[in-house]
Every structure is written in C-alpha cells, then in structure tokens.
Amino acid sequence: MNRFKKATKVIWNLLKKTVSEFSSDNGVKLSAALSYYTIFALPPLLLIIISLCGFFFGKDAVQGEIVGQINGLVGQDAAVQIQELIKNVKLSQSSTIVTIISVIVLLVGASGVFSEIQDSINLIWGIRAKPKRGLIKFLKNRLVSFSMIGSVGFLLMVSLIVNSLMDVLSTRLAIYFPHDTIYLFNVLNVLIVFVIITLLFAVIFKTLPDGKVVLIDCIIGASFTAVLFMIGKFAIGAYLGSSAIASVYGAAGSIILILVWVYYSAIILYIGAEFTKVYAVTHGKKIIPYSYSVKVVKEHTAR
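If you're wondering where the values come from, they're calculated on a predicted model, not measured in any experiment.

Notes on the overall build of the protein
Here comes step 1: Secondary structure summary: the protein contains eleven helices and four strands in total.
Here comes step 2: Taken across its 303 residues, the protein has 41% of its residues classed as buried.
Here comes step 3: Excluding contacts between residues fewer than 6 apart, the proportion of contacts in the protein whose partners are at least 24 apart in sequence is 80%.

Regarding the side chain of D217
Here comes step 1: Within the fold, D217 resides in helix α8 (residues 215-242).
Here comes step 2: In this structure D217 is buried but unpaired, with K285 as the nearest side chain of opposite charge at 7.7 Å.
Here comes step 3: With sequence-adjacent residues up to four places away left out, D217 is seen in contact with T276, Y279, A280, G284, K285 and K286.

Side note on the packing of aromatic side chains
Here comes step 1: Going through the model one piece at a time under the given rule, you end up with seven aromatic pairs.
Here comes step 2: Their ring planes at 20° and their centres at 6.5 Å tell us that F201 and F205 sit as a pair that is stacked. With F201 and F205 both in helix α7 (residues 179-207), this residue pair falls four residues apart, about one helical turn. Summarising the burial analysis for this pair, F201 and F205 share the class buried.
Here comes step 3: Both rings, one in F275 and one in Y279, keep their centres 6.5 Å apart while their planes meet at 20°; by these two values the pair is stacked. In this pair, F275 and Y279 both sit in helix α10 (residues 253-282), four residues apart, roughly one turn of the helix. With respect to class, F275 is no different from Y279; both count as buried.
Here comes step 4: Counting every residue linked through ring pairs, the aromatic cluster contains W125, F201, F205 and F229.

Let's talk about the environment of P209
Here comes step 1: Tracing the sequence through the fold places P209 in the loop between α7 and β2 (211-213).
Here comes step 2: Residue class for P209 comes out buried when judged on its relative accessible area of 0%.
Here comes step 3: Taking C-alpha positions, P209 is 5.5 Å from N122, a pair spaced 87 residues apart along the chain.

Quick look at the nonpolar core
As a rule of thumb, soluble globular proteins bury nonpolar side chains together.
Here comes step 1: In this structure, I117, I121, W125, F201, F205 and Y270 are the most contacted members of the largest nonpolar core, which totals 31 residues.
Here comes step 2: Looking at this core, the elements that each hand over two or more residues are α2 (27-57), α5 (96-125), α7, α8 and α10.
Here comes step 3: Counting residues in each nonpolar core, the second largest holds ten residues, with L42, I66, W261 and I268 among its members.

Looking at unusual backbone geometry
Here comes step 1: Within the chain, N26 stands out as a residue other than glycine whose phi angle is a positive 55°.
Here comes step 2: Here N26 is to be found in the loop between α1 (2-24) and α2.
Here comes step 3: Given a relative accessible area of 42%, N26 falls into the partly exposed group.

Things to note about the pattern of salt bridges
Here comes step 1: Evaluation of the coordinates by the stated rule reveals four salt bridges.
Here comes step 2: A salt bridge links D25 to K277, with the shortest nitrogen-to-oxygen separation between them at 3.6 Å. On the criterion of sequence distance, the pair formed by D25 in the loop between α1 and α2 and K277 in helix α10 is long-range, its members being 252 residues apart. The burial state of D25 is the same as that of K277; both residues are buried.

Thresholds applied
Residues numbered from 1 in each chain as written. Predicted model: local features only at pLDDT ≥ 70, side-chain atom pairs only at ≥ 80, totals over all residues. Heavy atoms only, no water. Helix = DSSP H or I, 4+ residues; strand = E, 2+ residues; numbered from the N terminus. Buried < 20%, exposed > 50% of the residue type's maximum accessible area, 1.4 Å probe, protein only. Contact = heavy atoms within 4.5 Å. Lys, Arg positive; Asp, Glu negative; His and termini not counted. Salt bridge = Lys/Arg side-chain N within 4 Å of Asp/Glu carboxyl O. Phe/Tyr/Trp six-rings, centres within 6.5 Å; stacked < 30°, edge-to-face > 60°. Core = buried A, V, L, I, M, F, W, Y, C linked by side-chain atoms within 4.5 Å.

Given below as structure tokens:
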C-alpha cells in the first residue's frame, strides 16, 4: 500500500510539473504555430507518404485509407478537402529537370512541419544551436526532417499491413470462435497500434531535437504521449463531430476543422515532450546537448 501511495505521488508530481512547464513554455502558442505550418506542409507531406507507400499497396488504396482515417477524426467535409488538396499537388511530367525541381519543392515544403516541431521541442527542452554552427544546424535540420518523412511513411506502411492482416484474421476467426475471442483480438489490435504510435513519438524525441535523451527515458516519454494521443484521438473526434465550428465559418469550415484537429494534436505532442523532459531531469539521465548546441537556462526556471 505504501508503494502504491509512493508511486501515485511520483506520478502526480510528474504530471503537475509537466503541466506547469507546458504553461511556462507557452505550449499553446507553439501548438498554434505548428497548426499554421501544417496547413501548408500537409498536401506535399501526404503526397510524398502516399507515393512511398503506394509502391507496396497502390496509391489509391493508401490515399483511401488516409482519407478514411481523417474522415473518422474530423468528418467527411474535412476529409474531402484534404483529398482535394492532395489532388491539386501534382508532379510535373513535362521534363526531367522540372520534375526534379518539383520533387525538391515538395520535400522542402513537407519538411517544414518537422522543422517547426524540432524548433519547438528545442525550446521546450532548453536547447539551442551555437551561433557559429548555424549553417551546420540548418543542414542537419533539413536532413533529419527529410528522414522523418521516410520514417512516417514506413510506420504508416507497417500500420496498413497490420490493419489489413487484422481485418482478414478477424473475419476468418469470427466464423470459428465466439465473440469474446474477437474482442480480445481487437484489444491486441489496439495494443499493436499503440506500439506503432509509441515508435513514432520515440523517433521524434530521439532524432529531431538538438539534445540527446537516453533510450529508456525516450520510450517512457513516447509511451505517455502515445496514451494521450490515443485518448485524445477519440476525444477530439467526438468534439469536432458534435461542435458547430464548421457551420460558423461557412465555406472555410473544413479548413478550420483541420486546423483545430492539428492544434489539439500538437498540444498532445508538446505535453509529451514536456513530460519526457521532466521525467529525464527528475528520474532519468538528463538531456545532454550535442556538440553543436548548448543548454539554455530559461527565465522561468532561473527565478
């Protein structure tokens, strides 16, 4: 019983410190900025991911799966709007040079959202690049952002494979086993999705910021963020489905829904980054800047 009380107190202190740090770091403003960047980066980002996964499943199948997931989160109007955005971003087929330039422009646009996430997590973790290493940091930022696009595409591909296998197995098992067994199978599906989401956040926390966090601290922080994300996925979807935001803004309502969806998702991401920092500082191995960056003493922590 004493161990339970002690563990509860530790968790409560971690959560309280996380919320306090999130407020001090203006996490709400950082989330709003990310939602703004995402609107411009979303079409090229989705197009590149669809192209990568399309080699294995076909572009139409991957695009339909993504649009279907978005439809379940923010409604049909926003999903259709995103589908139209993807259709409007086309690679030119007029010449090889023009095609290469188009690909570069798409990559730069798609990497912008990861660069914004990187800068925000650096701010949250109190890290910044050394003044004389600005060019090196810029090049590293873009290379890491490009790699993140591939990572997201790979994890999405794995998720699609898992979902396809689960659907096939569930259909076949339903013939031979009672419904209780199928429920257990659905729980297993949720656990697999949780692992995939945890891996995504672990990749973000491990590779994007300019500071080193040990693997165990990174996994703990990513798991906490994944739990928040899975809970928030249903909460945000329920809120957007029952609210009158779209009707208030008329023709721009679908874009507003996408902004709100990304905004709340960004809040979850940055709360997870704060939790990772708090846990690493209080119970882990700290966060150590790389050779090209330095630790910054924040004003609100120096008082």
